[in-house]
Amino acid sequence: ASVIDDIDARLSATSGRRLYPFQREGARALASSDGFALFDDQGLGKTVQALAAIPIGGRAVVVCPKVAKGVWVREIQTWRSTDLRATVLEGRGSFRWPEAGEVVAINYQILSETLPVPVPTGVYLVFDEAHAIRKSKSQQTTKAKTLADAVREKGGKVILLTGTPMDNKPQEMWNLFRIAGIERRAFGNWNNFLDLFEGVPGEYGGYTFGHYVTVRDENGKAIGNKLTFDRQDEIVTALRRVSLRRMKEDVLTDLPAKSYRDIVVELSPKLAKECDAMLAGIDLEALVSEVKSDHDISFRKFSGLYEKLSTIKIPAMLEIIESYEDAEEPLIVFSPHRAPVDALAEREGWRVITGDTPTQERTEIENLMQAGKLKGVAGTIQAMGVAITMTRSSNVLFVGRSLTPGGNLQAEDRAYRMGQ
């Protein structure tokens, strides 16, 4: 409680605000369990809740995307500078355990299966954007589990932070919980987990889960399929034993709802024919419910066509940008492809973030945007969709959407956070 009170005092001194009640609840939950998952919606302050759970003068390791290390340094300096110092580790083989009063930040890509000994007791291990380690067979997941097991064996705590714990694949939730050692507390055992989520062996290996129901619009027309489970209430009860998930609309009633507007760009006759040929004879509704191994759409061909669709939108994008500049309204632009982003790289008053942007420059761009010194920022969804806050803008333009819905939602929420 003393840590929470100290952070509250700092908030009050700098902004006149205090931690929200749901944030205090989250911090207490993280601090009181040897393993816990915080699945709050994007923008609800998962970072500050995790920081409030670390005891005064404690030891912590934060594993996060490379682009997020600067965010953790800044947040530690803002809220815990009186008792914690931040150290960023770079390069393979650089990992070391934190000293008392230190938070060590390391990115997933340089995790090692070989850990230095001895392992200190009572380390707080935080996996930020933990959806990066939900694939059971990836090397990244294996290395993360090695680190988590070592921490838990010495009485430490494992904290999982992500707003997207799974993408229609319940087994990814099980994988995440195994890393924190909380899967049995939630579900008992693997067979119980399968029963709850209606898991059966898949035709091509692995498991399939749940069943699909048809989603219809207000006129009764089928518009897609939705994965669902008969024992939904029991699943919620199991998850609440080891995790919290709060949505913006439930805890921040003063945050306005998002509004969406589609801007139609006409295709050239040639490209329209290519699209028609690609989609001819495809049962889209069936593809929503099942990815078939024998479908005859070449993914490479589809990807190339999708990239063309982003490229032809560049003139319309520039026209829209000009209208925002004339109104002196800052704008954020996202694209799943590089061409629209690269088209803005040399535009006056604009900066861009791609996979090539160094972490330090990325932080600089974020600070410039928040300080009102840029007309706008453009980035690829993959590179700029996480670990950045740009609430100075309340307008976001997508020049195409990612094929992963969760990526789009994360990107939107760069400008839809507390204080917006």
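Our subject is the structure that appears above.
A. Structural detail: the overall build of the protein. Across its full length, the protein holds 18 helices and 15 strands. With the C-alpha coordinates of the protein rotated into their principal frame, the extents come out at 65 × 55 × 45 Å. Across the 420 residues that make up the protein, the buried fraction comes to 46%. Within the structure as shown, the protein displays about 21200 Å² of accessible surface, and the carbon and sulfur contribution to it stands at 49%. Across the protein, the centroid of the 54 positively charged side chains sits 5 Å from that of the 56 negatively charged ones.

B. Region of interest: helix H6 (residues 170-180). Taken across its 11 residues, H6 has 9 buried, putting it largely inside the fold. Within H6, burial applies to Pro170, Glu172, Met173, Trp174, Asn175, Leu176, Phe177, Ile179 and Ala180.

C. Focus on the sheet that holds strand E3 (residues 85-88). The strand order across the open sheet built from 7 strands is E3-E4-E2-E5-E6-E1-E11, with neighbouring strands paired in parallel fashion. The sheet is open, and its two edges are formed by E3 and strand E11 (243-244), each paired on a single side. Pairing analysis gives 6 bridges linking strand E2 (residues 59-64) to strand E4 (residues 102-107), with the strands arranged parallel. Bridging across to E4, valine 62 finds its partner in alanine 105.

D. Expanded view of the environment of proline 21. For proline 21, the location among the structural elements is in helix H2 (residues 21-31). A relative accessible area of 64% means that proline 21 is categorised as exposed. Considering only alpha carbons, one finds proline 21 and leucine 244, 223 residues apart in sequence, at a separation of 14 Å.

E. Seen up close, the pattern of salt bridges. Across all of its chains, the model carries 26 salt bridges by this definition. Here glutamate 366 makes a salt bridge to arginine 74, at a shortest N to O gap of 3.2 Å. With a gap of 292 residues between them, glutamate 366 in helix H16 (residues 359-370) and arginine 74 in helix H4 (residues 69-79) connect regions that are remote in the sequence. Since its relative accessible area comes to 4%, glutamate 366 is described here as buried. Note on arginine 74: relative accessible area 23%, which makes it partly exposed. Note that glutamate 412 and lysine 258 form a salt bridge whose closest N and O atoms lie 2.7 Å from each other. Placement of the pair is glutamate 412 in helix H18 (residues 405-412) and lysine 258 in the loop between helix H10 (248-251) and helix H11 (269-279), with a sequence separation of 154 residues. By relative accessible area, glutamate 412 is classed as buried at 7%. Under the relative-accessibility criterion, lysine 258 is labelled partly exposed at 30%. It is possible to trace a salt-bridge network through shared partners that takes in Asp41, Lys248, Lys258, Arg401, Glu412 and Asp413.

F. Focus on the packing of helix H3 (residues 46-53) against H4. Interaxial distance between H3 and H4 falls to 11 Å at its minimum, and their mutual angle equals 55°. If you check the angle between H3 and H4, you find them oblique. Judged by the twist between their axes, the crossing of H3 over H4 is right-handed. Residues Thr47, Val48, Ala50 and Leu51 of H3 lie in contact with H4, whose contacting residues are Trp72, Glu75, Ile76 and Trp79. Taken together, the residues of the contact of H3 with H4 break down into 6 nonpolar, 1 polar and 1 charged.

G. Local environment of the pairing of strand E13 (residues 350-353). Pairing analysis gives 4 bridges linking E13 to strand E14 (residues 376-380), with the strands arranged parallel. By the bridge assignment for E14, valine 352 is matched with alanine 378. Assessed by its sense of winding, the connection that carries the chain from E13 through H16 to E14 is right-handed.

H. Summary view of the packing of aromatic side chains. Applying the stated criterion across every chain yields a total of 17 aromatic pairs. Ring geometry for tryptophan 190 versus phenylalanine 193: centroids 5.4 Å apart, planes at 20°, classification stacked. Taken as a pair, tryptophan 190 and phenylalanine 193 lie in helix H8 (residues 190-196) at a separation of 3 residues, close to a single helical turn. Assessed through its relative accessible area of 22%, tryptophan 190 is described here as partly exposed. With relative accessibility at 0%, the residue phenylalanine 193 sits in the buried group. Just above the ring of phenylalanine 398 sits the side chain of arginine 401; from NZ or CZ to the centre is 4.2 Å.

I. Inspection of the sheet that holds E14 at higher detail. With parallel pairing, the 4 strands of this open sheet are ordered in space as E13-E14-E12-E15. Two strands close off the open sheet at either side, each with one partner strand: E13 and strand E15 (396-398). Strand-to-strand twist across the sheet, computed as the mean angle between neighbouring axes with direction ignored, equals 20°. Lying on the sheet, H16 is in contact with strand E12 (331-335), E13 and E14; it crosses E13 at an angle near 140°.

J. The arrangement of the environment of arginine 338 in detail. Relative to the helices and strands, arginine 338 is located in helix H15 (residues 338-342). When its relative accessible area of 36% is taken as the criterion, arginine 338 is described as partly exposed. When the C-alpha positions of arginine 338 and glutamate 307 are compared, they lie 8.9 Å apart, and in sequence the two are 31 residues distant. Residue contacts for arginine 338: discarding those within four places in its chain leaves Thr354, Asp356 and Thr380.

K. Broad picture of the nonpolar core. With 46 residues, the main nonpolar core has Val63, Trp97, Leu125, Phe127, Phe177 and Phe187 as its most contacted residues. The greatest single-element share of this core, amounting to 6 residues, is contributed by H6. If near-sequence neighbours (up to four positions away) are discounted, phenylalanine 177 is found in contact with Ala37, Phe39, Leu160, Ile182, Glu183, Ala186, Phe187, Leu239 and Val242. If you look at the next biggest cluster of nonpolar residues, it comprises 33 residues, including Ile7, Val71, Ile76 and Leu84.

Parameters and conventions
- Residues numbered from 1 in each chain as written.
- Predicted model: local features only at pLDDT ≥ 70, side-chain atom pairs only at ≥ 80, totals over all residues.
- Heavy atoms only, no water.
- Helix = DSSP H or I, 4+ residues; strand = E, 2+ residues; numbered from the N terminus.
- Buried < 20%, exposed > 50% of the residue type's maximum accessible area, 1.4 Å probe, protein only.
- Areas by Shrake-Rupley, 256 points an atom, 1.4 Å probe, with all protein chains shown as cover.
- Lys, Arg positive; Asp, Glu negative; His and termini not counted.
- Charge placed at Lys NZ, Arg CZ, Asp CG, Glu CD.
- Pairing = 2+ DSSP bridges.
- Salt bridge = Lys/Arg side-chain N within 4 Å of Asp/Glu carboxyl O.
- Axes fitted to C-alpha atoms, helices over the stretch in contact; angles between N-to-C directions.
- Parallel < 35°, antiparallel > 145°, perpendicular 65-115°, else oblique.
- Left-handed = near helix turned anticlockwise from the far one by under 90°.
- Contact = heavy atoms within 4.5 Å.
- Nonpolar A, V, L, I, M, F, W, Y, C, P; charged D, E, K, R; others polar.
- Right-handed = clockwise from strand over helix to strand, strands pointing away.
- Phe/Tyr/Trp six-rings, centres within 6.5 Å; stacked < 30°, edge-to-face > 60°.
- Lys NZ or Arg CZ within 6 Å of the ring centre and 35° of its normal.
- Core = buried A, V, L, I, M, F, W, Y, C linked by side-chain atoms within 4.5 Å.

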